[in-house]
Amino acid sequence: MTLSLTSALKPTPAFSVSYLERRRLFFILMTLPAVIYVLVIGVWPLAQGIWFSLYEYNLLSRRGRISSASAIISIFSPTR
């Protein structure tokens, strides 16, 4: 085995990442802000509205109580 000077001085990376892995990482990093934005702007208010609908809240007395289970079940029951 002969060792040349150029091969001995050539730096070797600690880890090598293939082109497809770099491309996948780039795709994830570019889409992550958009996904977070959609969740914050679209899904969070919807989830918060559903959560608030489970309570009867009086703004004057600042007291809230959980709605009755029958009222919540009647929302999902079919009407005749």
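Residues numbered from 1 in each chain as written. Predicted model: local features only at pLDDT ≥ 70, side-chain atom pairs only at ≥ 80, totals over all residues. Heavy atoms only, no water.

Q: Would you mind going over the overall build of the chain with me for this structure?
A: Helices and strands together make up the secondary structure of the chain, namely 3 helices and 2 strands. Buried residues in the chain amount to 1% of all 80 residues. Accessible area of the chain: about 8,200 Å², with a carbon and sulfur share of 70%. (Helix = DSSP H or I, 4+ residues; strand = E, 2+ residues; numbered from the N terminus. Buried < 20%, exposed > 50% of the residue type's maximum accessible area, 1.4 Å probe, protein only. Areas by Shrake-Rupley, 256 points an atom, 1.4 Å probe, with all protein chains shown as cover.)

Q: I tried to follow the confidence of the model for the chain on my own but got confused; where do I start?
A: Low pLDDT means the predicted atomic positions in that stretch should not be read closely. When the pLDDT values of the chain are averaged, the result is 78; 65% of them are 70 or greater. Element-level mean pLDDT values for the chain span from 60 in helix α1 (residues 5-9) up to 90 in helix α2 (residues 19-53). (pLDDT = per-residue confidence, 0-100.)

Q: Would you take a moment to explain a nonpolar patch on the surface for this structure?
A: Side chains of Leu32, Ile36, Tyr37, Val38, Val40 and Ile41 sit close together on the surface and give an oily, nonpolar patch of about 600 Å² of accessible area. Here Ile41 shows up in helix α2. (Patch = residues over 30% accessible without salt bridge, like charges linked within 9 Å, V, L, I, M, F, W, Y side chains within 5 Å. Salt bridge = Lys/Arg side-chain N within 4 Å of Asp/Glu carboxyl O.)

Q: It is not clear to me how α2 should be interpreted in this structure. Could you clarify?
A: One turn of an α-helix holds 3.6 residues; hence residues three or four places apart share an orientation. With 35 residues, α2 should cover 51 Å at 1.5 Å per step; its first-to-last C-alpha distance of 49 Å lies within 8% of that length. At Val43, α2 shows its maximal kink, close to 35°; a proline, Pro45, follows between one and four residues later. (Expected span 1.5 Å × (residues − 1). Bend = angle between axes of the 7 residues up to and from the residue.)

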